[in-house]
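Chain by chain, the residues:
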Amino acid sequence: HGYETTDYRKLDSRLGDNEDLKNFVATCHEKGIKVIFDGVFNHTGRDFFAFKDIQEKRQNSPYVNWYCNVNFSGNTEYNDGFSYENWGGYNLLVKLNQRNPDVQNYICDVIRFWVSEFDVDGIRLDAADVLDFDFMKQLRRTAEEVKPDFWLMGEVIHGDYARWVNDEMLHSTTNYELHKGLYSGHNDHNYFEIAHTIRRQFDDNGGIYRGRTLYSFVDNHDVDRLMSKLNNKDHIREVYTLLYTLPGIPSIYYGSEWGIEGRKQGASDDAMRLQLDLEKMQKENPHPELTAHIAALGKMRKENPVLADGKYRELVLTNRQYAYARIKDQDAIVVAANNDENPADMSIPIPVDGTYENAFTKEAVPVVDGRLQVHLDACESKVFRKK
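This structure is a prediction, so every number in the text was calculated from the model and none was measured.

Draft legend 1. Up close: the packing of aromatic side chains. Going through the model one piece at a time under the given rule, you end up with 28 aromatic pairs. Plain terms: the ring middles of F82 and Y84 are 6.2 Å apart, the flat faces sit at 55° to each other, and that makes the pair tilted. In this structure Y84 comes out as buried when scored by relative accessible area, which is 7%. Of the aromatic side chains, those joined through ring pairs into one cluster are Y8, F37, F41, F48, F49, Y63, W66, Y106, F113, W114, F118 and F135. Sitting above the plane of the Y78 ring, R46 keeps its charged end 3.9 Å from the centroid.

Draft legend 2. Structural view of the environment of Y183. As for its placement among the helices and strands, Y183 is situated in helix 5 (residues 176-187). Along the primary structure Y183 and D149 are separated by 34 residues, whereas in three dimensions their C-alpha atoms are 32 Å apart. Apart from the residues within four sequence positions on either side, Y183 is in contact with L226, K229 and L230.

Draft legend 3. Seen up close, the nonpolar core. If you look at the biggest cluster of nonpolar residues, it comprises 88 residues, and the most contacted ones within it are F41, Y67, W114, L246 and Y322. With 10 residues, the single largest contributor to this core is helix 3 (residues 101-118). If sequence neighbours within four positions are ignored, Y67 has contacts with T44, F48, A50, F51, I54, V94, K95, L96 and N97. Ranked by size, the runner-up nonpolar core spans 18 residues in total, among them A336, I348, V352 and L372.

Draft legend 4. Representation of the state of the cysteines within the structure. In total, this model carries zero disulfides according to the counting rule given. Cysteine C68 is unpaired, with the sulfur of C108 as its nearest cysteine sulfur at 17 Å.

Draft legend 5. Examining the packing of helix 3 against helix 4 (residues 133-146) more closely. Packing of helix 3 against helix 4 brings their axes to within 10 Å, and their N-to-C directions diverge by 30°. Considering the angle they form, helix 3 stands roughly parallel to helix 4. Between helix 3 and helix 4 the crossing geometry is right-handed. On helix 4, the residues touching Q104, N105, I107, C108, I111, R112 and V115 of helix 3 are D134, F135, Q138, L139, T142, E145 and V146. For the contact of helix 3 with helix 4, the per-class residue count stands at seven nonpolar, four polar and three charged.

Criteria and cut-off values
- Residues numbered from 1 in each chain as written.
- Predicted model: local features only at pLDDT ≥ 70, side-chain atom pairs only at ≥ 80, totals over all residues.
- Heavy atoms only, no water.
- Phe/Tyr/Trp six-rings, centres within 6.5 Å; stacked < 30°, edge-to-face > 60°.
- Buried < 20%, exposed > 50% of the residue type's maximum accessible area, 1.4 Å probe, protein only.
- Lys NZ or Arg CZ within 6 Å of the ring centre and 35° of its normal.
- Helix = DSSP H or I, 4+ residues; strand = E, 2+ residues; numbered from the N terminus.
- Contact = heavy atoms within 4.5 Å.
- Core = buried A, V, L, I, M, F, W, Y, C linked by side-chain atoms within 4.5 Å.
- Disulfide = S-S within 2.5 Å.
- Axes fitted to C-alpha atoms, helices over the stretch in contact; angles between N-to-C directions.
- Parallel < 35°, antiparallel > 145°, perpendicular 65-115°, else oblique.
- Left-handed = near helix turned anticlockwise from the far one by under 90°.
- Nonpolar A, V, L, I, M, F, W, Y, C, P; charged D, E, K, R; others polar.

Here it is in structure tokens:
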């Protein structure tokens, strides 16, 4: 339905029917993949049943209070004979009254339907930064009812993410603050920017989001592709290394595993939302080394749970070199990165006693006086694992 939801219980016919969606989710589950639906709950389209009832019955419709500021003394370009609060300045999108208990109950019933009918595993809440907080608390209660691990993630750009991510509301939000640092910290040769963000958010002593898990990304449908944002394209593998090993849930925007480019053109996002021919991309991959690197990072993360919930510890920091550890009990991962266009040698204190190896090549790492001796080529990152 795009943003113009017509029926929350029926798949957009451009994509197929409900049976197709049910089969798709089942196939994903067979492959160990969970499926998250995009929940657009700020507004509906004008063809939604409640709005059409208002068009027909006007003041006598029981759904007048389902929407915000319906005014029968006003009008719109659609000549309904009434006006209403819209979403984003578009009267095509009619703003729902999320404080109305009937609306809350209806959306919660929709979620129950999505689970019973499609076995969906969670919801990404569109524009969660303007959703009503009590409404989100009701969604969380429903999430805990339908599935033990049902996941709620909110699209939030600015603000204190802890207002959304807590035991009463969402499990996670988008981490736009880290997104910015991941590319500009490389463009400006300034690892202090990234380290400051992580220290502020997740440091074990005073990190404002410690104990919470945010959703990390380097690009998405609303921002330019990473390959288009980097001044030096050779930094791209480093950026993905940090994405997968810093605190947070790493995510890949479709197509960026092949290093495709795309910039916003004026008000249009079309360049970032290309239709891709998957067979062609796989045969003519412009950056096979990047695809292999991301696949290796995913495998490594799966094999090392410390990257999901280990504590963060900063080990070395200069403008152009950065090393940190993820630690849980006696497990440790050490990450070293060099954003310089020249090679660098680093001496990194061992966070947990023991011997270390390169997480990808399994080569042993030299240790002198309790410090890892690491050589990095220009624009290179390495990951080490305690054996």
